[in-house]
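As a plain string of letters, each chain reads:
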Amino acid sequence: MLLDYVLLDARRDRIAHDHASVLLQCAWCGDPPDRRAAMAAARGETALAAHIAAGAWANLANGELVEALRKSRGSGSGQSPAMGLAEAETLIAAGAVVAGLDRLAELHQRSFGPASLAFARHCHRLGDHDRAIVLARSMPEHAQLALTGAKSALALKDERGALELLAPYLRGAVPVLEPLDAGAFAVIAASTLARSGQHNELRRFAQALLSAADAPEEMLPAIARVAWSAGFGEQAWNRFEPVRGPWHTAARLELAVLSGDAGAAAELFRQAGSHGAPVASLLALLTGSGGDPTAAQQVFAADRVVHVWRTHPHRWQAWIDAAAKTPVELGVYDLRGGVVPGAEEIPDAVLDDGALTALIEPAPPAPSADGAGIWVEAPLCSGFGVGHDWPEEENAALLKTVGKRRLADDPASAAVRVVSADTAAALAGDGRPAVVLAQPGDPFWAGPLPSRAWPQMKILRTHSAKGWKDCGKTAGKTALAMLAGDA
């Protein structure tokens, strides 16, 4: 049989591989270690890339960016695609985000698969979900790209688009090679079912995973998250016993974070060791340790230039406002909105907006008493799963408690709002009082940060066992007290 090696090599870059098969291919084809390193770096695993190939990758992992840039660019015109990826990642790490993204875009046009994955990952991280989806659809048989695209589709509330990217893997037309990737597919699939209200299908899916005695240990934290979304949180907690190993501890850690139990999460995080690393940033949101004055003084000192990239249109605005009041020269950029610095601009520091919470306390908007009446959003809390969505009977109790006479027609004219978390963040800038239904499972809304950013809000949280039971009357009474100026 004749083999078209050009086509084989082209296809090789357009699908995902497990680490062992990458090693096999590179050994057979005579590829240098840099190619394997590029595949690791494309997934964000810079330390692994450094372990594989050293050189520029080791400099990048150690923060030696000038040396990493020198080595990745080389001395001639024959730069390999792998070193082009190293150059792009170094530029982004150095703060030249636009230049790094432009380099990744160029490599994507040259059909270098790892660059396409890295490009999509950075676009998703910086909130440009539309472009991440386009990149994922350009390589529909690449598992990591499909994951990134599906996450972006969910961020845009496009459940159908997410399912289109997931379907080949969920139906078995394309294999998922890594247990961690399989777990990620399960979580996104469960989120898609929850968002579209398919609770029976969600329960069936979660029960099948939860009862699988042969599930790889690496999948257990993801299975715990799927079980929680299907209303099986208690069953999952009982199944995953820490004495059975660190992956079981990590699964319980997921459940503690989802239920908003900061104390249990902190202890389980300590017990899980390296297996708990994926939720470290979530735990920081849940505990809300606050800003670091010493670090803030260094980052936001006079005569420094800091670039902040928006990853969410509203959530982190109070922290951005606080940063704007420091002596630093601040630039706020939005990749999705096309608000970007010049490609040649290199700031002293570059941060995403969510990272500001570790450096600085928020600057709340000025309180306002404008408007009249209470506006109640509909729906208030939906798409989070079994037992986590706002029940119709609680909505009826809320409306009855408020009374028709006090209801306002729209949020712009209301003095007080009863709203979902997303709407609360979008409307927070005018400083009006609000009763906010926290997003179940979101550590930001389960922790203290929203109250620091928006003191005019009263956060109503779901109970880990009771859900929203008996919360409708509470929300109504709180809104009435706010309207009277008593809360």
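Below you will find a few notes about this structure. (Residues numbered from 1 in each chain as written. Predicted model: local features only at pLDDT ≥ 70, side-chain atom pairs only at ≥ 80, totals over all residues. Heavy atoms only, no water.)

This part is about the overall build of the protein. Broken down by element type, the protein carries 26 helices and seven strands. Taking 2.2 N^0.38 as the reference for a compact globule, 487 residues should give roughly 23 Å; the C-alpha atoms of the protein span a radius of gyration of 24 Å, in line with that estimate. Each of the three principal axes of the protein carries a C-alpha extent, and together these read 80 × 60 × 40 Å. For the protein, with 487 residues in total, the buried portion stands at 49%. Residue pairs in contact within the protein that sit at least 24 positions apart in sequence constitute 63% of those at least 6 positions apart. (Helix = DSSP H or I, 4+ residues; strand = E, 2+ residues; numbered from the N terminus. Rg over C-alpha atoms; globule rule 2.2 N^0.38 Å. Buried < 20%, exposed > 50% of the residue type's maximum accessible area, 1.4 Å probe, protein only. Contact = heavy atoms within 4.5 Å.)

What follows deals with empty space enclosed by the protein. On inspection of all chains with the given rule, the structure shows four cavities of 30 Å³ or more. Considering only enclosed or pocket space, the largest cavity measures out at about 140 Å³ in volume. Of all the secondary structure elements, the ones that give two or more residues to the lining of the largest cavity are helix 3 (33-42) and helix 9 (113-125). Residue contributions to the lining of the largest cavity peak at three residues, all from helix 9. Split by residue class, the lining of the largest cavity holds seven nonpolar, four polar and three charged. (1 Å grid on protein atoms, 1.4 Å probe; cavity = no way out; pocket = protein on both sides within 12 Å on 5 of 7 lines; lining within 4 Å. Points joined across faces, edges and corners; volume = space filled by probe spheres on them. Nonpolar A, V, L, I, M, F, W, Y, C, P; charged D, E, K, R; others polar.)

Our focus in this paragraph is the packing of helix 13 (residues 179-195) against helix 14 (residues 199-210). With their axes 9 Å apart at the nearest point, helix 13 and helix 14 run at an angle of 155° to one another. When the interaxial angle is binned, helix 13 and helix 14 end up roughly antiparallel. In this structure, the crossing between helix 13 and helix 14 has a hand that is left-handed. Residues Ala-186, Ala-189, Ala-190, Leu-193 and Ala-194 of helix 13 form the contact with helix 14, whose participating residues are Glu-201, Leu-202, Phe-205 and Leu-209. Of the residues in the contact of helix 13 with helix 14, the class split is eight nonpolar, no polar and one charged. (Axes fitted to C-alpha atoms, helices over the stretch in contact; angles between N-to-C directions. Parallel < 35°, antiparallel > 145°, perpendicular 65-115°, else oblique. Left-handed = near helix turned anticlockwise from the far one by under 90°.)

The next subject is helix 10 (residues 129-138). For helix 10, the set of buried residues is His-129, Ala-132, Ile-133, Leu-135 and Ala-136. In a view along the axis of helix 10, the buried residues occupy a sector of 160°, so they form one face of it. As for helix 10, its buried residues are in contact with helix 8 (97-109), helix 9, helix 11 (143-155) and helix 12 (159-170). (Arc of directions from axis to C-beta.)

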